[in-house]
Amino acid sequence: MRSNPADYELVAPGSLQAVVSLLAEHPGEWLPIAGGTDVMVQYGAGQLPARKLVSLWNLPELRRIEVSESEVQIGSGCTYTDLRESPVVEREFPLLASAARWTGGMANQNRGTLGGNIANASPAADSLPALLVYEADLILVSAAGERRIPYLGFHTGYRKTLLAPGELIRAVCLARRFVNYFSYARKVGPRNAQAISKICIAGLGQMAGGLVEDIRIAVGSVAPTPLRLKETERMLRGNPIDAALVSKARQTAVGEIRPIDDMRSTAAYRSAVTGNLVAEFLQRMRDRGRSA
Ligand SMILES: Cc1cc2nc3c(=O)[nH]c(=O)nc-3n(C[C@H](O)[C@H](O)[C@H](O)COP(=O)(O)OP(=O)(O)OC[C@H]3O[C@@H](n4cnc5c(N)ncnc54)[C@H](O)[C@@H]3O)c2cc1C
């Protein structure tokens, strides 16, 4: 442990309004901490960017899942366990439910939050490909009020986001229109539990009359930010899934990603596996279409 607790201050004002007021009154001084599963790793390594921490943990405004006719709003303070135990998430957003099951171990799932995963902005974060294919919106909040933005584009570069100083993620909004879609998710890591992804992928698609009607593919850990494979999606739409299309999709996907060699894997492995996963997704979606 390279940090001394006596050098740090932690406050828990107990309401969202009090937290955003504190952030506005002392710009840049306070670091929000939700479940702390990323913050405490930085703390342990002596790399925390601030000495003052303001707690978001268990704020009622952030820890709820609201269901309306058109969308589901997931509070940023919901943990992976909250997501796993939510019937509407399990039923309508299985890609997010899978990501929640795959994130860390039980203790991590009881503390780690969806908002923390988004704001921490790791390209390997497991829930982010799901948010990309569901085309989530984010509600951001600060002392000045709220704004709603598409999640696509929120990560602007390696560990960079559109969050303004003093701003927090309040909720993630998911449109309720994917129930009949085919879902595909894989996490590739050195083992099934407690491993950061070498690659994670989320796929969502719909066939009509033997043709690809709608398709969305997003991959993590293959670029500085989680990536939607827009070019691959474009070339797939309107076509029947046959061997030639699968082969072309594999090549296009590999051309879209920008993987690197790092401590977890190599660029060559990430490219080969991304191509394989895109091919597997398409073959499974075609087979489901045949048996439907
Ligand atoms: C043992 C272990 C295993 C892990 N395994 C995985 C894994 O398999 N997959 C994976 O994706 N991640 C994994 N993680 C990383 C981590 O658990 C997740 O990223 C988690 O979602 C972070 O949420 P948190 O609430 O703990 O964030 P915190 O640590 O509290 O915060 C992380 C960052 O986000 C900011 N922040 C938090 N909430 C908000 C908000 N609402 N608005 C704005 N900023 C905010 C904080 O200021 C901080 O910069 C693992 C971590 C550990 C320690």
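First things first, this report covers the structure right here in the doc.

Reading the values: rules and limits
Residues numbered from 1 in each chain as written. Predicted model: local features only at pLDDT ≥ 70, side-chain atom pairs only at ≥ 80, totals over all residues. Heavy atoms only, no water. Phe/Tyr/Trp six-rings, centres within 6.5 Å; stacked < 30°, edge-to-face > 60°. Helix = DSSP H or I, 4+ residues; strand = E, 2+ residues; numbered from the N terminus. Buried < 20%, exposed > 50% of the residue type's maximum accessible area, 1.4 Å probe, protein only. Near = heavy atom within 4 Å. Polar contact = N/O pair within 3.5 Å; in protein donor to acceptor, adjacent residues only side chain to side chain. Areas by Shrake-Rupley, 256 points an atom, 1.4 Å probe, with all protein chains shown as cover. Pairing = 2+ DSSP bridges. Axes fitted to C-alpha atoms, helices over the stretch in contact; angles between N-to-C directions.

1. Digging into the packing of aromatic side chains
Moving on, step 1. Counted by the stated rule, this structure contains seven aromatic pairs.
Moving on, step 2. A ring pair is formed by Phe-182 and Phe-281, whose centres lie 6.2 Å apart and whose planes are at 5°; its orientation type is stacked. Residue Phe-182 is found in strand E11 (residues 182-188), and its partner Phe-281 is found in helix H11 (residues 267-291); the two are separated by 99 residues along the sequence. Note on accessibility: Phe-182 and Phe-281 belong to one class, buried.
Moving on, step 3. Considering the side-chain rings of Tyr-184 and Phe-281, the 5.4 Å spacing of their centres and the 25° angle between planes classify their relative orientation as stacked. Of this pair, Tyr-184 sits in strand E11 while Phe-281 sits in helix H11; the two residues are 97 residues apart in sequence, bridging distant segments of the chain.

2. Details of the site of the ligand
Moving on, step 1. Around the ligand, the surrounding shell holds 33 residues, and the nearest of these are Pro-32, Thr-37, Asp-38, Tyr-80 and Thr-113.
Moving on, step 2. Here an oxygen atom of the ligand sits 2.7 Å away from a polar atom, N or O, in the main chain of Ala-34.
Moving on, step 3. Separating a nitrogen atom of the ligand from a side-chain N or O atom of Asp-126 is a distance of 2.6 Å.
Moving on, step 4. Taking 980 Å² as the accessible area of the ligand by itself, protein coverage stands at 87%.

3. A short note on the sheet that holds strand E4 (residues 65-67)
Moving on, step 1. An order of E4-E5-E10-E6-E7 is seen for the five strands of this open sheet, with the pairing classed as antiparallel. Lying at the two open borders of the sheet, with one neighbouring strand each, are E4 and strand E7 (145-150). When the angles between neighbouring strand axes are averaged without regard to direction, this sheet yields 20°.
Moving on, step 2. Both strand E5 (residues 71-75) and strand E10 (residues 168-175) contribute to a ladder of five bridges, which runs antiparallel. Paired with Glu-71 across the bridge in E10 is Ala-175.

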